[in-house]
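Examining the three-dimensional arrangement
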Amino acid sequence: MSPTTPRLILKTFNHADLTNPTRPSNFLIKPVGIEMDLPINNRDSVLLPLRNDQSFTDFEFIINYEESDENIDTLRFNYRVDDKYLNRSCGFISTFILNNPPYEIINSGQNWIMEIKTLKDSIIDEQSAHLHLIF
């Protein structure tokens, strides 16, 4: 198997129970500037692809998607990109070092995200969560 650029793993928790991961109601994540929805499935973790051509990636985190009380928090994840040359056929692989703090909320209003905790600031693999999102 060829090495690939790892994605950011974000695990979600309700603030009332920080021991059992759960996802919010009708949860959807959309990368800003790219027409695609990220699959959430029935899991409590989300794999977010980070851009390796700039030092940040923006996402819309949406709860109650397409309902009357839909709420969108737009987050910017900030990081440093480290590219490593593998070989001619594979090219480069990128890893990411998250800034401290790793994110900022870039919209104002009724923000539903309460906190994001950093577990690992280096994104070098997809073995376990890098961040916990608390709502």
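Attention in this report is confined to the structure presented alongside it. (Residues numbered from 1 in each chain as written. Predicted model: local features only at pLDDT ≥ 70, side-chain atom pairs only at ≥ 80, totals over all residues. Heavy atoms only, no water.)

1. Details of the environment of Glu115
By secondary structure assignment, the location of Glu115 is in strand β7 (residues 115-118). Judged by its relative accessible area of 35%, Glu115 is partly exposed. Sequence separation between Glu115 and Asp17 is 98 residues, and the spatial gap between their C-alpha atoms is 14 Å. Residues within four places of Glu115 in sequence aside, it is in contact with Tyr103, His132, Leu133 and Ile134. (Helix = DSSP H or I, 4+ residues; strand = E, 2+ residues; numbered from the N terminus. Buried < 20%, exposed > 50% of the residue type's maximum accessible area, 1.4 Å probe, protein only. Contact = heavy atoms within 4.5 Å.)

2. Overview of a negative patch on the surface
A cluster of acidic residues, Glu66, Glu67, Asp69 and Glu70, forms a negative patch on the protein surface. With respect to the helices and strands, the residue Glu66 is situated in the loop between β4 (56-63) and β5 (71-87). (Patch = residues over 30% accessible without salt bridge, like charges linked within 9 Å, V, L, I, M, F, W, Y side chains within 5 Å. Areas by Shrake-Rupley, 256 points an atom, 1.4 Å probe, with all protein chains shown as cover. Salt bridge = Lys/Arg side-chain N within 4 Å of Asp/Glu carboxyl O. Lys, Arg positive; Asp, Glu negative; His and termini not counted. Charge placed at Lys NZ, Arg CZ, Asp CG, Glu CD.)

3. What about the sheet that holds strand β9 (residues 131-134)?
A sheet is described by the order of its strands in space; here four strands give the open sequence β3-β1-β9-β7, paired in mixed fashion. Each of the sheet's edge strands pairs with one partner strand only, and the pair in question is β3 (45-48) and β7. On average, adjacent strands in this sheet sit at an angle of 25° to one another, irrespective of strand direction. Alignment of strand β1 (residues 8-13) against β3, held across four bridges, turns out to be antiparallel. Directly across from Ile9, in β3, lies its bridge partner Leu47. (Pairing = 2+ DSSP bridges. Axes fitted to C-alpha atoms, helices over the stretch in contact; angles between N-to-C directions.)

4. Let's talk about the pairing of β4
Look at any regular strand and the pattern is simple: side chains alternate between the two faces of the sheet. Counting buried residues along β4, six of its eight residues qualify, which places the element largely inside the surrounding structure. Judged from the four bridges that link them, strand β2 (residues 28-31) and β4 form a sheet pairing that is antiparallel. Paired with Ile29 across the bridge in β4 is Phe61. Relative to β5, β4 runs antiparallel, the two sharing eight bridges. From the neighbouring strand, Glu60 faces β5, where its bridge partner is Thr74.

5. As for the sheet that holds strand β6 (residues 91-105)
Strand order in the open sheet formed by five strands is β2-β4-β5-β6-β8, and the pairing between neighbours is antiparallel. With one partner strand each, in any of the chains shown, β2 and β8 (122-123) form the two edges of the open sheet. As paired elements, β5 and β6 share 11 bridges and run antiparallel to each other. Residue pairing across strands places Lys84 opposite Ile93, the latter belonging to β6.

6. Remarks on the pattern of salt bridges
Tallied over the full model, the rule gives four salt bridges. Glu126 serves as the salt-bridge partner of Arg7, at 2.9 Å between the closest nitrogen and oxygen. With Arg7 in the segment before β1 and Glu126 in the loop between β8 and β9, this residue pair connects regions lying 119 residues apart in the sequence.

7. Side note on the nonpolar core
Membership of the largest hydrophobic core comes to 24 residues, with the highest contact counts inside it found for Leu48, Phe61 and Phe77. Broken down by secondary-structure element, the contributors of at least two residues to this core are β1, β3, β4, β5, β6 and β9. For Phe77, the residues in contact, after removing those within four places along its chain, are Leu8, Leu48, Leu50, Ser55, Phe56, Thr57, Phe59, Phe61, Pro102, Tyr103, Ile116 and Leu131. (Core = buried A, V, L, I, M, F, W, Y, C linked by side-chain atoms within 4.5 Å.)

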